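# Residue-level structure breakdown
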Amino acid sequence: MGYDENCEFPLSSNWPFTKYFFLDSFIRGYRLHHSAEELFEVFLDLRRKFGLPHKVEIPMQYITLTIEYALKKFGNDGLNLPSIEKTHWEEAINNSGYIQADGDISFYFQKDRYNYMKNILNEINEKYICPYKRSTKYPRYRSPMQIAIDRMENRFKLNYCYFFIYKSFN
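Residues numbered from 1 in each chain as written. Predicted model: local features only at pLDDT ≥ 70, side-chain atom pairs only at ≥ 80, totals over all residues. Heavy atoms only, no water.

What follows deals with the overall build of the protein. Counting its secondary structure elements, the protein contains 9 helices and 0 strands. For the protein, contacts bridging at least 24 residues in sequence account for 59% of all contacts bridging at least 6. Element-wise, carbon and sulfur atoms account for 57% of the exposed surface of the protein, whose accessible area totals about 13500 Å². (Helix = DSSP H or I, 4+ residues; strand = E, 2+ residues; numbered from the N terminus. Contact = heavy atoms within 4.5 Å. Areas by Shrake-Rupley, 256 points an atom, 1.4 Å probe, with all protein chains shown as cover.)

Shown next, in the form of structure tokens:
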């Protein structure tokens, strides 16, 4: 729905992507979201064709790259087709790099990304003095609620002690 209604291209044009890239078809009712199920099926078909694992994960970057390729290649500025068909989606997915990257897909760290980040942190640590002194023993963190409870317990203990002392002398 985003490419058909919520996003505009070019900026401040009030034209959704689909209208910009498929003007005549958009006027006749063509919407990109009508192809969503077909696009997903093509992703699954290609996974089967290339023998990829059954667990299907399609990172958003490959969806957007696929759609961007399809809009540019098959829309008004490209081949000027009336709509995007299954074979076009297959070409767009192959061009996105999804199939080639499937074995290497990592949502958090790409290959060697952990060591890269670790090296950056070490460089920062060497260049800048950290205000947190490792040799100093800081008190453990206590939430505001825990502080209030501790204070109430201390008051109760003091009141109990005063009561006990008062009763023992009277």
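Next, the rest of the story.
Here helix α5 (residues 60–74) is 15 residues long and its end C-alpha atoms lie 21 Å apart, about the 21 Å a rise of 1.5 Å per residue gives. Of all the positions in α5, only Y62, T66, I67, Y69, A70, L71 and F74 are classed as buried. Elements in contact with the buried residues of α5: α1 (2–6), α2 (17–21), α4 (36–49), α6 (86–96) and α7 (98–101). (Expected span 1.5 Å × (residues − 1). Buried < 20%, exposed > 50% of the residue type's maximum accessible area, 1.4 Å probe, protein only.)

Evaluated as defined, the whole model comprises 5 salt bridges. In this structure, K86 and D45 form a salt bridge, with 3.6 Å as the shortest nitrogen-oxygen distance. Of this pair, K86 sits in helix α6 while D45 sits in helix α4, and the two are 41 residues apart along the sequence. Of the residues examined, K86 reaches a relative accessible area of 36% and is grouped as partly exposed. The salt bridge involving K72 is made with E68; its shortest N-O contact spans 2.8 Å. Of this pair, K72 and E68 both sit in helix α5, separated by 4 residues, roughly a single helical turn. Each of D45, R48 and K86 takes part in salt bridges that share partners, so that together they form one network. (Salt bridge = Lys/Arg side-chain N within 4 Å of Asp/Glu carboxyl O.)

Relative to the assigned elements, L71 resides in helix α5. Under the relative-accessibility criterion, L71 is labelled buried at 3%. Along the primary structure L71 and A92 are separated by 21 residues, whereas in three dimensions their C-alpha atoms are 9.4 Å apart. Excluding anything up to four places from it in sequence, L71 contacts Y3, F17, F21, F22 and L32.

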